[in-house]
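# Observations on chain architecture
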Amino acid sequence: MSKLLITTQVYENYGAHDWDGVGECPQYWKAKGGNDYVVKNFKAGNTAHTTAVMMGVRGQIECYNDHFRESIIDFRVVADDYLTEFEQSQLDYEGRITYPSKELAW
């Protein structure tokens, strides 16, 4: 088995901070990091299967509104024991993973 790793980019609209709610919301988007999501027990198949699963869980990840956006920027199949950079650094410095990647149901 393996798992599907999905990486996102988060943006915050700084223009919305001073918006009074009247008219169109000012647009001033700034990148604010991102998140890693995993679909565990993933049976790696062909590219079409991987894409279909990723599109199926997309609604659990992506968010778009006047204040905040999160969008998928990458997805790939990784080994079942794969650790993200954040998970590995927690293990290295704290001896345990307190904040694992968010697990998605498929």
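Up top you'll find the structure we're talking about.
The shown structure was predicted, so the numbers you read here are calculated from the model rather than taken from an experiment. (Residues numbered from 1 in each chain as written. Predicted model: local features only at pLDDT ≥ 70, side-chain atom pairs only at ≥ 80, totals over all residues. Heavy atoms only, no water.)

### Details of the packing of aromatic side chains
Given two aromatic rings, one states the distance between the centres and the angle between the planes to describe the pair. Overall, the coordinates contain one aromatic pair when judged by the stated rule. Seen from their ring centres, Tyr 14 and Tyr 28 are 6.1 Å apart, and the 90° between their planes marks the pair as edge-to-face. Linking Tyr 14 in the loop between strand S1 (2-13) and strand S2 (29-31) with Tyr 28 in the loop between S1 and S2, this pair joins segments that are 14 residues apart in sequence. Tyr 14 sits in the partly exposed class, given a relative accessible area of 29%. (Phe/Tyr/Trp six-rings, centres within 6.5 Å; stacked < 30°, edge-to-face > 60°. Helix = DSSP H or I, 4+ residues; strand = E, 2+ residues; numbered from the N terminus. Buried < 20%, exposed > 50% of the residue type's maximum accessible area, 1.4 Å probe, protein only.)

### Examining the environment of Gly 15
Tracing the backbone shows Gly 15 in the loop between S1 and S2. Remark: the alpha-carbon pair of Gly 15 and Asp 66, spanning 51 residues in sequence, is separated by 9.0 Å. Excluding anything up to four places from it in sequence, Gly 15 contacts Pro 26 and Tyr 28. (Contact = heavy atoms within 4.5 Å.)

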